[in-house]
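Here's the letter readout for the chains.
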Amino acid sequence: MKKITVAILFGGCSSEYEVSLKSMSSVLENIDQDKYHVILIGITREGRWLRYDGSIDRILDNSWHQSDDSVPAFLSPCRQMQGIVALNNGTITTTKIDVVFPVLHGKNGEDGTVQGLLELAGIPFVGCHTLSSAICMDKDFAHILANSSGIKTPRSVTAFKNTNLDTLISATKTLGFPLYVKPAKEGSSNGITKAQNTAELILGIEKAFSHDNKVVIEENIPGFEVGCAVLGNSDVIVGEVDEIELLHGFFNYEEKYSLTTALIHVPARIEKEVAEKIKETAIHLYQVFGCRGFARVDMFITPNGDVVFNEVNTIPGFTTKSRYPSMLSSAGLSYTEVIDKLISLAMEEGY
Ligand SMILES: Nc1ncnc2c1ncn2[C@@H]1O[C@H](COP(=O)(O)OP(=O)(O)O)[C@@H](O)[C@H]1O
Ligand SMILES: [Mg+2]
């Protein structure tokens, strides 16, 4: 059988560049190489595109882009080409691609930009389309949409760079403290502050605006955060619900990737009925947002059992130990099977 040519996109002009290197290394180590011919396209933090033919070690130590195994390359938007153009010692080569797996997190990768390019190029790709990627990336728009579909969201105030600070602070008065101050379009908790008072709120606003020109300030939702892995196009399957146990603070960047004090429980330590309600809500939101392929839907469970929407990650953390694969593994699907399923779903659906 002829191998399927998969281009894996990794890195990215994003604050989550390192997270992508880890996710993609897991994908590369576990993808069925008998079935798939893998081509690697790395994007540096500065946004340079390179085709990389070297070892995984140089991806993990982030020296891949300085290696002789890297050559300038890009994905052509031209449908006739449907592939990658590379410049090798003054010679231009083109390689046809059957399917693309963008293993990119956050800005310029998970937010609809790369998805738009792939739709233009007419190449099937893993994950959500342009519009749903863009909506899920924007915490303000995602909340408006979730709310209008009947799902609770934290009460919040949205601010833009030109919003007057005093007006903004008084608008948050009814939300109480602590407050979560977030750049509208970020990930991995980058730029987020849990503000306990007005002074911290002001610093938090400044920090969030250094990441984005739109900021969302949310009330604190008591209880704990849960996630649900959804996989599929029109028919979906879900994994076991997971639970984040926090000993203090919030699930910030350090805790997410070191789990020093935070713990992740899969399955979550909740009643079966509550888990069912979370799964139903996750599927409902997946459909409302028009997701396909995969997404991790994150929600809070309040002490009185209410499900409150937090966010949808359209390219969730994807190392073998990450939450999305762990939830599916608990439901009986191995990491390699998930990769295989995602690629099949992409090819079934087209671009
Ligand atoms: N409204 C909220 N109430 C309670 N905790 C929150 C709230 N919003 C965010 N958090 C905490 O902050 C973390 C990061 O926020 P989140 O919106 O998920 O951003 P990111 O997209 O960076 O993951 C969450 O995992 C949670 O621990
Ligand atoms: Mg989150």
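**Student:** So what exactly am I meant to see when it comes to the side chain of D298 here?
**Tutor:** With respect to the helices, strands and loops of the structure, D298 is situated in strand β16 (residues 293–301). There is a polar contact of 3.0 Å between the side chain of D298 and the side chain of N313. In contact with D298, other than residues within four places in its own chain, are E225, V226, G227, F309, N310, E311, N313 and R323.

**Student:** What is the right way to look at the site of ligand 1 in this model?
**Tutor:** Not every one of the 20 residues close to ligand 1 is listed here, only the nearest: K139, K182, S189, E225 and K256. Taking E225, its side chain carries an N or O atom lying 2.5 Å from an oxygen atom of ligand 1. Relative to its free-state accessible area of 540 Å², ligand 1 is covered by the protein chains to the extent of 96%. When contributions to the shell around ligand 1 are tallied by element, the ones reaching two or more residues are β9 (179–183), β11 (214–219) and β17 (307–313).

**Student:** I keep staring at the sheet that holds strand β4 (residues 70–75) and nothing clicks. Help me out?
**Tutor:** Strand pairing in a sheet is mediated by backbone hydrogen bonds. Such pairs are either parallel or antiparallel. Taken in spatial order, the seven strands of this open sheet run β6-β5-β4-β3-β2-β1-β7, and their pairing is mixed. The sheet is open, and its two borders are formed by β6 (91–96) and β7 (99–102), each paired with just one other strand. Strand-to-strand twist in this sheet, taken as the mean axis angle between neighbours without regard to direction, amounts to 35°. The strands touched by helix α1 (residues 17–30) within the sheet are β1 (4–11), β2 (36–43) and β7, with β1 carrying the most contacts at an inclination of about 155°. Of the strands in this sheet, β1, β2 and β7 touch helix α11 (residues 335–349), which is tilted by about 125° from β7.

**Student:** When you look at the domain arrangement of the protein in this model, what are you seeing that I'm missing?
**Tutor:** Interface extent is often summarised as the accessible area lost during association of the parts. For the protein, the domain assignment lists domain 1 (4–125), domain 2 (134–153 + 222–349) and domain 3 (156–219). Listed by partner, the interface residues are four residues for domain 1 and six residues for domain 3. Sorting the residues of domain 1 by area buried against domain 3 places S15, E16 and K107 first, and these three jointly supply 93% of that buried surface. Along the contact surface separating domain 1 from domain 3 lie one salt bridge. In this structure, the salt-bridge partner of E186 is K107, at a minimum N-O distance of 3.7 Å. Partitioned by chemical class, the residues of the side of domain 1 that touches domain 3 number one nonpolar, one polar and two charged.

**Student:** What exactly am I supposed to notice about the nonpolar core here?
**Tutor:** Note that soluble globular proteins tend to have their nonpolar side chains buried in a common cluster. Counting 38 residues, the largest nonpolar core has I8, L40, I59, F101, L231, F294 and F318 as its most contacted members. Mapped by element, the contributors of at least two residues to this core are β1, α1, β2, β3 (49–52), β7, β12 (224–232), α10 (323–330) and α11. It is α11 that provides the largest number of residues to this core, a total of seven residues. Residues from two domains meet in this core; each of domain 1 (4–125) and domain 2 (134–153 + 222–349) gives at least three. Setting aside residues no more than four positions away along its own chain, L40 makes contact with I8, F10, M24, L28, L50, R51, Y52 and I59. In this structure, C136, V241, A295 and I301 belong to the second largest nonpolar core, which totals 25 residues.

**Student:** Could you clarify how one ought to interpret the side chain of T153 in this entry?
**Tutor:** Structurally, T153 can be placed in the loop between α5 (139–148) and β8 (156–160). What makes T153 buried here is its relative accessible area of 17%. A distance of 2.7 Å separates a polar atom in the side chain of T153 from a polar atom in the side chain of N147.

**Student:** Help me understand the environment of R155, please; the structure alone is not making it clear to me.
**Tutor:** By secondary structure assignment, the location of R155 is in the loop between α5 and β8. Using a relative accessible area of 42% as the deciding quantity, one classes R155 as partly exposed. In this structure the C-alpha to C-alpha distance between R155 and E218, which are 63 residues apart in sequence, comes to 5.9 Å. For R155, the contacting residues outside a window of four places in its chain are T174, L175, I217, E218 and E219.

**Student:** What am I meant to see in the pattern of salt bridges here?
**Tutor:** Any two side chains of opposite charge can pair, on the condition that their charged atoms come close. Under the definition given, this model contains 17 salt bridges. Between K139 and E311 there is a salt bridge, with the nearest N and O atoms lying 3.2 Å from each other. Of this pair, K139 sits in helix α5 while E311 sits in strand β17, and the two are 172 residues apart along the sequence. Accessibility assignment for this pair places K139 and E311 in one class, buried. Across the pair D242 and R323 runs a salt bridge, and its minimum N-O distance is 2.8 Å. Within this pair, whereas D242 is found in strand β14 (residues 242–245), its partner R323 is found in helix α10, the two being separated by 81 residues in sequence. The residues D242 and R323 share a single accessibility class, namely buried. What emerges from the salt-bridge pattern is a single network uniting D242, R296, D298 and R323.

About the thresholds
Residues numbered from 1 in each chain as written. Chains lettered and ligands numbered in written order. Predicted model: local features only at pLDDT ≥ 70, side-chain atom pairs only at ≥ 80, totals over all residues. Heavy atoms only, no water. Helix = DSSP H or I, 4+ residues; strand = E, 2+ residues; numbered from the N terminus. Polar contact = N/O pair within 3.5 Å; in protein donor to acceptor, adjacent residues only side chain to side chain. Contact = heavy atoms within 4.5 Å. Near = heavy atom within 4 Å. Areas by Shrake-Rupley, 256 points an atom, 1.4 Å probe, with all protein chains shown as cover. Pairing = 2+ DSSP bridges. Axes fitted to C-alpha atoms, helices over the stretch in contact; angles between N-to-C directions. Domains from an automatic or database assignment. Buried area = accessible area lost by both parts, 1.4 Å probe. Salt bridge = Lys/Arg side-chain N within 4 Å of Asp/Glu carboxyl O. Nonpolar A, V, L, I, M, F, W, Y, C, P; charged D, E, K, R; others polar. Core = buried A, V, L, I, M, F, W, Y, C linked by side-chain atoms within 4.5 Å. Buried < 20%, exposed > 50% of the residue type's maximum accessible area, 1.4 Å probe, protein only.

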